[in-house]
Amino acid sequence: MEYNKPIADMRPGDEVEGFYVLKAAWPKTTAAGKPFLSATLADCSGQIEAKVWDYSGPIGQADEGRALKIRGKVTEYRGALQLIVEKLRLRQEDDAVPLERLVPAAPLDADAAWAQVEALVNSLEDADYRAVCREMLRRHGQALRDIPAAKSVHHSFLHGLLMHTGNMLRLADFLAGLYADTVDRSLLLAGTLLHDFAKAREFTFSDLGLVNGYSVPGQLLGHLVMGAQEVAEAARTLDIPEEKSMLLQHMLLSHHGEPEFGAAVRPMCAESELLCLIDNVDSRMEIYREAFADTAPGEMSGRIFALDKRVYRHR
């Protein structure tokens, strides 16, 4: 019996036990009238079709997206692997299983990325902007470390928001130096850090930490407005000058660039203009990175909805 064997390594005859994601479930009935469950199980390495014979529940379609503990044997059916499940139950709170084994995670060292974010915050010369950033990290640091940056399109994996924000902060730091005569570095980096914090309240999350929908506040207000509201509240608590609070709010409200893309207002200062561009650069480069994972060198990708085109992966 092999424990938590990656699906990609499974072979006919393997006896396995461990945790896998219930990606899809279809309760069915045999020709003889006996109930069974047809399912697709997955981990970060791949997926496999599964059958649970003589089974009528309680696990079913309502549990899609949750983790199961299963025991079974790998077989082959019509040229494809199939897992015949003998025992199954839902993952319990006290089950120790790293989520990164089950669902996609950012390709980074989360501790190192977090330390870099903290170092950049501590480097802010302006004490007011630095204080707001530290307060928001105190409130929402764990979410920044853990949650995806999106439901789909880009950085839609565990630690995706940390990866996205960290990339943007490094780019913002470089551009602030390049345009030092035009840009306030502290304002640019503070707005960059804070721009997506409210996604933790905009999204709803599965048991495995992935985004599975949008909250009511997320749909009615969105993360730009909710983020600006909380920044304003934190600034009042910290007795930050009104103009600095307003500038931070403007950074958040305008970082989508145009109203047609969700911006509440268009960027009207150099720092908000750069933030919009930096956000676009990092999100689009991540779309390319993910497209290249499924595209051979010398080939064109399929059409990518977010870019409205196909892309070429050169040799």
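Since the structure is predicted, the reported quantities are computational estimates derived from the model, not experimental observations.

## A look at the overall build of the protein chain
Okay, step 1: Secondary structure summary: the protein chain contains 10 helices and 10 strands in total.
Okay, step 2: By the burial criterion, 47% of the 315 residues in the protein chain qualify as buried.
Okay, step 3: Across the protein chain, contacts joining residues at least 24 apart in sequence account for 55% of those joining residues at least 6 apart.
Okay, step 4: Accessible area for the protein chain stands at about 15,900 Å²; split by element, carbon and sulfur atoms hold 52% of it.
Okay, step 5: Charge-centre separation for the protein chain: the mean point of 35 positive side chains lies 7 Å from the mean point of 46 negative side chains.

## Digging into the side chain of Ser-206
Okay, step 1: Of note, Ser-206 is situated in the loop between strand E7 (203–205) and strand E8 (211–214).
Okay, step 2: Not counting chain neighbours up to four residues away, the residues in contact with Ser-206 comprise Gly-65 and Asn-212.

## Regarding the packing of aromatic side chains
Okay, step 1: Under the definition given, this model contains four aromatic pairs.
Okay, step 2: When the centroid spacing of 6.2 Å and the interplanar angle of 85° are considered together, the rings of Phe-203 and Phe-205 count as edge-to-face.
Okay, step 3: The exposure class of Phe-203 is buried, given its relative accessible area of 6%.
Okay, step 4: What makes Phe-205 partly exposed here is its relative accessible area of 30%.
Okay, step 5: Between Phe-203 and Tyr-214, the ring centres sit 5.5 Å apart and the planes meet at 70°, which makes this aromatic pair edge-to-face. Highlighted residues: Phe-203 in strand E7 and Tyr-214 in strand E8, separated in sequence by 11 residues.

## Quick look at the nonpolar core
Nonpolar side chains tend to gather and get buried jointly when the protein is soluble and globular.
Okay, step 1: Residues Leu-188, Leu-193, Leu-194 and Leu-248 are the most contacted members of the largest nonpolar core, which totals 40 residues.
Okay, step 2: Broken down by secondary-structure element, the contributors of at least two residues to this core are helix H2 (110–122), helix H3 (127–146), helix H4 (160–178), helix H5 (185–194), helix H8 (222–237), helix H9 (242–254) and helix H10 (270–292).
Okay, step 3: For this core, the element with the highest residue contribution is H4, accounting for seven residues.
Okay, step 4: Setting aside anything within four residues of it in sequence, one finds Leu-188 in contact with Ala-172, Ala-176, Val-183, Met-251, Glu-271, Leu-274, Leu-275 and Ile-278.
Okay, step 5: Residues Ile-7, Tyr-20, Leu-37 and Leu-68 belong to the second largest nonpolar core, which totals 19 residues.

## So, a nonpolar patch on the surface
Okay, step 1: A cluster of nonpolar side chains, Phe-174, Leu-178 and Tyr-179, forms an exposed patch at the surface whose accessible area comes to about 330 Å².
Okay, step 2: Tracing the chain through its elements places Leu-178 in helix H4.

## What about the pairing of strand E2 (residues 15–29)?
Okay, step 1: Across two bridges, strand E1 (residues 2–3) lies against E2 in parallel orientation. Note on E2: the bridge partner recorded for Glu-2 is Val-16.
Okay, step 2: In this structure, E2 lies alongside strand E5 (residues 67–77), joined through seven bridges in antiparallel fashion. Bridge assignment links Phe-19 to a residue of E5, and that residue is Lys-69.
Okay, step 3: The hairpin formed by E2 and strand E3 (residues 35–43) contains five residues between the paired strands, and Gly-33 there has a positive phi angle of roughly 90°.

## What about the environment of Glu-15?
Okay, step 1: Inspection of the secondary structure puts Glu-15 in strand E2.
Okay, step 2: With 192 residues separating them along the chain, Glu-15 and Asp-207 place their C-alpha atoms 27 Å apart.
Okay, step 3: Contacts of Glu-15, omitting those with residues within four sequence positions, involve Met-1, Glu-2, Gly-72 and Lys-73.

## Some words on the layout of surface pockets
Okay, step 1: In this structure, the largest pocket spans a volume of roughly 740 Å³.
Okay, step 2: Surrounding the largest pocket, 26 residues form its lining, His-154, His-256, Phe-261, Asn-280 and Ser-283 being those nearest its centre.
Okay, step 3: When residues in the lining of the largest pocket are grouped by element, the largest group, six residues, is from H10.
Okay, step 4: Here the lining of the largest pocket is composed, by residue class, of 10 nonpolar, nine polar and seven charged.
Okay, step 5: Quantified by volume, the second largest pocket comes out at close to 430 Å³.

## A closer look at the side chain of Glu-17
Okay, step 1: Within the secondary structure, Glu-17 is located in strand E2.
Okay, step 2: In this structure Glu-17 comes out as buried when scored by relative accessible area, which is 15%.
Okay, step 3: Reaching out from Glu-17, the side chain makes a polar contact with the side chain of Arg-71 at a distance of 3.3 Å.
Okay, step 4: Every residue in contact with Glu-17, bar those within four places of it in the chain, is listed here: Met-1, Glu-2, Tyr-3, Asn-4, Lys-69, Ile-70 and Arg-71.

## Quick word on H4
Quick reminder: α-helices carry 3.6 residues per turn. Residues three or four places apart thus point the same way.
Okay, step 1: Here H4 contains 19 residues, and its C-alpha end-to-end distance of 27 Å stays within 8% of the 27 Å for a straight helix at 1.5 Å per residue.
Okay, step 2: Listed as buried for H4 are Gly-160, Leu-161, Leu-162, Met-163, His-164, Thr-165, Gly-166, Met-168, Leu-169, Ala-172, Leu-175 and Ala-176.
Okay, step 3: On the buried face of H4, the contacting elements are H2, H3, H5 and H10.

Conventions we followed
Residues numbered from 1 in each chain as written. Predicted model: local features only at pLDDT ≥ 70, side-chain atom pairs only at ≥ 80, totals over all residues. Heavy atoms only, no water. Helix = DSSP H or I, 4+ residues; strand = E, 2+ residues; numbered from the N terminus. Buried < 20%, exposed > 50% of the residue type's maximum accessible area, 1.4 Å probe, protein only. Contact = heavy atoms within 4.5 Å. Areas by Shrake-Rupley, 256 points an atom, 1.4 Å probe, with all protein chains shown as cover. Lys, Arg positive; Asp, Glu negative; His and termini not counted. Charge placed at Lys NZ, Arg CZ, Asp CG, Glu CD. Phe/Tyr/Trp six-rings, centres within 6.5 Å; stacked < 30°, edge-to-face > 60°. Core = buried A, V, L, I, M, F, W, Y, C linked by side-chain atoms within 4.5 Å. Patch = residues over 30% accessible without salt bridge, like charges linked within 9 Å, V, L, I, M, F, W, Y side chains within 5 Å. Salt bridge = Lys/Arg side-chain N within 4 Å of Asp/Glu carboxyl O. Pairing = 2+ DSSP bridges. 1 Å grid on protein atoms, 1.4 Å probe; cavity = no way out; pocket = protein on both sides within 12 Å on 5 of 7 lines; lining within 4 Å. Points joined across faces, edges and corners; volume = space filled by probe spheres on them. Nonpolar A, V, L, I, M, F, W, Y, C, P; charged D, E, K, R; others polar. Polar contact = N/O pair within 3.5 Å; in protein donor to acceptor, adjacent residues only side chain to side chain. Expected span 1.5 Å × (residues − 1).

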